[in-house]
2 protein chains.
Amino acid sequence: MRITIIGSGNVSTHMAAAFKNAGHRIVQVYSRDLQKAWLLAYHVGAEAVDHLDHILPDTDLFVIAIKDDAIAQVARALAVHNKLMVHTSGATDLDTLIAFTANAGVFYPLQTFSKVREVSFRSVPLCLEGGNDEILAQLKELAYTISNNVYAVSSAQRRVLHLAAVFACNFPNYLYNTARQVLARNQMDFEMLRPLILETALKVQEQMPGEVQTGPAVRNDTGTMAAHLQMLNDTPLLQDIYTLLSQGIIKNNNEISANG
Amino acid sequence: MRITIIGSGNVSTHMAAAFKNAGHRIVQVYSRDLQKAWLLAYHVGAEAVDHLDHILPDTDLFVIAIKDDAIAQVARALAVHNKLMVHTSGATDLDTLIAFTANAGVFYPLQTFSKVREVSFRSVPLCLEGGNDEILAQLKELAYTISNNVYAVSSAQRRVLHLAAVFACNFPNYLYNTARQVLARNQMDFEMLRPLILETALKVQEQMPGEVQTGPAVRNDTGTMAAHLQMLNDTPLLQDIYTLLSQGIIKNNNEISANG
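From a predicted model like this one, the values you see are computed outputs, not experimental measurements. (Residues numbered from 1 in each chain as written. Chains lettered and ligands numbered in written order. Predicted model: local features only at pLDDT ≥ 70, side-chain atom pairs only at ≥ 80, totals over all residues. Heavy atoms only, no water.)

For glutamine 213 of chain B, the position within the fold is in the loop between α7 (194-206) and α8 (222-231). Polar contacts involving the side chain of glutamine 213 of chain B include one to the side chain of asparagine 173 of chain A, which spans 2.9 Å. Within polar-contact distance, the side chain of glutamine 213 of chain B engages the backbone nitrogen of tyrosine 174 of chain A at 3.3 Å. Contacts of glutamine 213 of chain B, omitting those with residues within four sequence positions, involve Asn170, Asn173 and Tyr174 of chain A together with Val218 and Ile249 of chain B. (Helix = DSSP H or I, 4+ residues; strand = E, 2+ residues; numbered from the N terminus. Polar contact = N/O pair within 3.5 Å; in protein donor to acceptor, adjacent residues only side chain to side chain. Contact = heavy atoms within 4.5 Å.)

Looking now at the UniProt feature "domain: Pyrroline-5-carboxylate reductase catalytic N-terminal" (unreviewed entry) in chain A. When the UniProt feature table is mapped onto this chain numbering, "domain: Pyrroline-5-carboxylate reductase catalytic N-terminal" (unreviewed entry) sits at residues 2-86 of chain A. End C-alpha atoms of residues 2-86 of chain A are separated by 14 Å, and the span's content is 36% helix alongside 25% strand. (UniProt positions renumbered as here; feature names shortened; annotations may be inferred.)

The next subject is the interface of chain B and chain A. Taken residue by residue, the interface counts 88 residues in chain B and 88 residues in chain A. Together chain B and chain A conceal approximately 8,600 Å² of surface at their shared face, both sides included; 70% is due to carbon and sulfur atoms. Counting the surface chain B buries against chain A, the share from its top three residues, Arg117, Phe167 and Met192 of chain B, is 9%. Viewed at the interface, chain A and chain B are joined by 25 residue pairs in polar contact (both at pLDDT 80 or more). For the side of chain B that touches chain A, the elements supplying multiple residues, two or more each, are α6 (155-184), α7, α8 and α9 (236-258) of chain B. When residues in the side of chain B that touches chain A are grouped by element, the largest group, 26 residues, is from α6 of chain B. Its residues assigned to classes, the side of chain B that touches chain A comprises 50 nonpolar, 26 polar and 12 charged. (Buried area = accessible area lost by both parts, 1.4 Å probe. Nonpolar A, V, L, I, M, F, W, Y, C, P; charged D, E, K, R; others polar.)

With that settled, consider the relation of the copies chain B and chain A. Overlaying chain B on chain A yields an RMSD of 0.0 Å, the required transformation being a rotation through 180 degrees with an accompanying axial translation of 0.0 Å. The superposition of one copy onto the other is thereby described by a two-fold rotation axis. It is proline 172 of chain B whose C-alpha, among those of chain B, lies nearest the rotation axis, at 2.4 Å. Comparing interface residues between copies, 100% of those in chain B also sit at the interface in chain A, which points to an isologous, same-surface contact. (Least-squares fit on C-alpha atoms with pLDDT ≥ 70 in both.)

The subject of this paragraph is the sheet that holds strand β8 (residues 150-152) of chain B. All names here are of chain B. Sheet architecture is open: 8 strands sit in the order β3-β2-β1-β4-β5-β6-β7-β8, paired in mixed fashion. One side of each edge strand has no neighbouring strand; the edge strands of this open sheet are β3 (47-49) and β8. Each adjacent strand pair in this sheet contributes to an overall mean axis angle of 25 degrees, direction not counted. Packing against the sheet, helix α2 (residues 34-44) makes contact with β2 (25-30) and β3, and its axis sits at approximately 165 degrees to β3. Helix α3 (residues 71-78) contacts β1 (2-6), β4 (61-64) and β5 (84-87) of the sheet and is inclined by roughly 165 degrees relative to β4. (Pairing = 2+ DSSP bridges. Axes fitted to C-alpha atoms, helices over the stretch in contact; angles between N-to-C directions.)

All names here are of chain A. On inspection of all chains with the given rule, the structure shows 14 salt bridges over all chains. Residue lysine 251 is joined to glutamate 255 by a salt bridge in which the shortest nitrogen-to-oxygen separation is 3.3 Å. Taken together, the positions of lysine 251 and glutamate 255, both in helix α9 (residues 236-258) and 4 residues apart, correspond to about one turn of that helix. (Salt bridge = Lys/Arg side-chain N within 4 Å of Asp/Glu carboxyl O.)

In this section: helix α1 (residues 10-21) of chain B. Residue and element names in this part refer to chain B. Compared with the 16 Å implied by 1.5 Å per residue over 12 residues, the 17 Å span of α1 between its first and last C-alpha is a close match. Taken together, the buried positions of α1 are Ser12, His14, Met15, Ala16, Ala18 and Phe19. Of the surrounding elements, those touching the buried residues of α1 are β1, β2, α2, β4, β6 (104-109) and α5 (133-144). (Expected span 1.5 Å × (residues − 1). Buried < 20%, exposed > 50% of the residue type's maximum accessible area, 1.4 Å probe, protein only.)

A few words on the nonpolar core. Residues Leu193 and Ile241 of chain A together with Leu193 and Ile241 of chain B are the most contacted members of the largest nonpolar core, which totals 110 residues. Setting aside residues no more than four positions away along its own chain, isoleucine 241 of chain B makes contact with Phe167, Leu244 and Leu245 of chain A together with Tyr174 and Leu175 of chain B. (Core = buried A, V, L, I, M, F, W, Y, C linked by side-chain atoms within 4.5 Å.)

Further remarks concern the UniProt feature "domain: DUF2520" (unreviewed entry) in chain A. According to UniProt, the "domain: DUF2520" (unreviewed entry) feature falls on residues 124-247 of chain A. Secondary structure content for residues 124-247 of chain A is 62% helix and 6% strand, and the end C-alpha separation is 33 Å.

In structure tokens, the structure reads:
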């Protein structure tokens, strides 16, 4: 397919590379920041543009991978070309595009990307939605050229997935950073925690997280929890977080016990 | 070395296997539950016992890997043999053993273990403390036979590490489970989130978590955060957790901005 990439952030970068590697042709890369457009366009052999007016109609697909609140405005501008367009947002309904064209879909990669780390795209779950069955079928065919994990997901389901992803990715990363801060205040290195962090994620690749919960809260070890809260005395926000997450673990545990 | 394992839980199981594989001899495995003692003893070619009176003095090291609040009582009973003893607890001071014998140390593996998953022990950070320099040197020698990551860590530092491990492991696992619950309430499968969870942990193996934070909070995307809170309307605890963790992310972000 001939594909035009709108955006030059993490999702655009990884997805453009995946499409290119799968043999698709990246026609243009658009970014308001021409230098960013250039950088990505250079890597995937495309033309860089920084004005929506300069976008060529000779393409098969517009992939809109930009900030959620800018999607509608860009979709409006691209709709004149009457080509298939998809956005890549977990938190944006398909209707945001349908408002401007029926020839629309969603191509949401359920993964966290950073520019410096390569991601194996074949294991990235791609969550697809189409304005009609034909569009969905077309997107599925495209998706399987870059990933083995392809799902049809409605806008309502995608909102749930996006919320779940905040709990599964954004919040754990914040807690990693909190752990780093706790060590740094005591002149200890984050390096010591890396094997633990990795193993915690590896464990739930085969098991369910509820079955492998460890730590003072699940043991209801009130002495250790009190000592930990004491150590967090000068950071009330971390004390609150510690208390609330421990409550959550204890609550889950009690519910499991109550259910047998 | 001749090693006697006190306990038959996750830490005992993995550590006994690592010692055995490194060529040490496991003399006995003690557990109050004789069947559990048998199971582990069978795997490492040791004798199983369920009474402290039956523990043989012909050993070089007692490894006490049991519940924190039972350590003192067992240490008191073992002290009569006047052999080196270590505990494996992150939350227990060395003094708990020193109260009964000077011939004591700590051998704390900073890792999460589950019985069904094998852990590569060579990458497990082992945090050691000795009642004196000679003991520490002896424990280091032993530690390097099973791991490449060996650290000398004081009791005060170990308390900090244990707290950091709660943030780096126990709490993220609870959030994985929360994500699973959010999906399950909407008939979606946890399987979809596994690549995201793994990549989130892989990212911080080389980068620092503060540098790779993603999600609505770090973008200060108030619209998405409000929508997420709305979706959690029937679970006030999860709403509180969402709010607090988002506050933490925003606070970190503001501090980074303020510092340039």
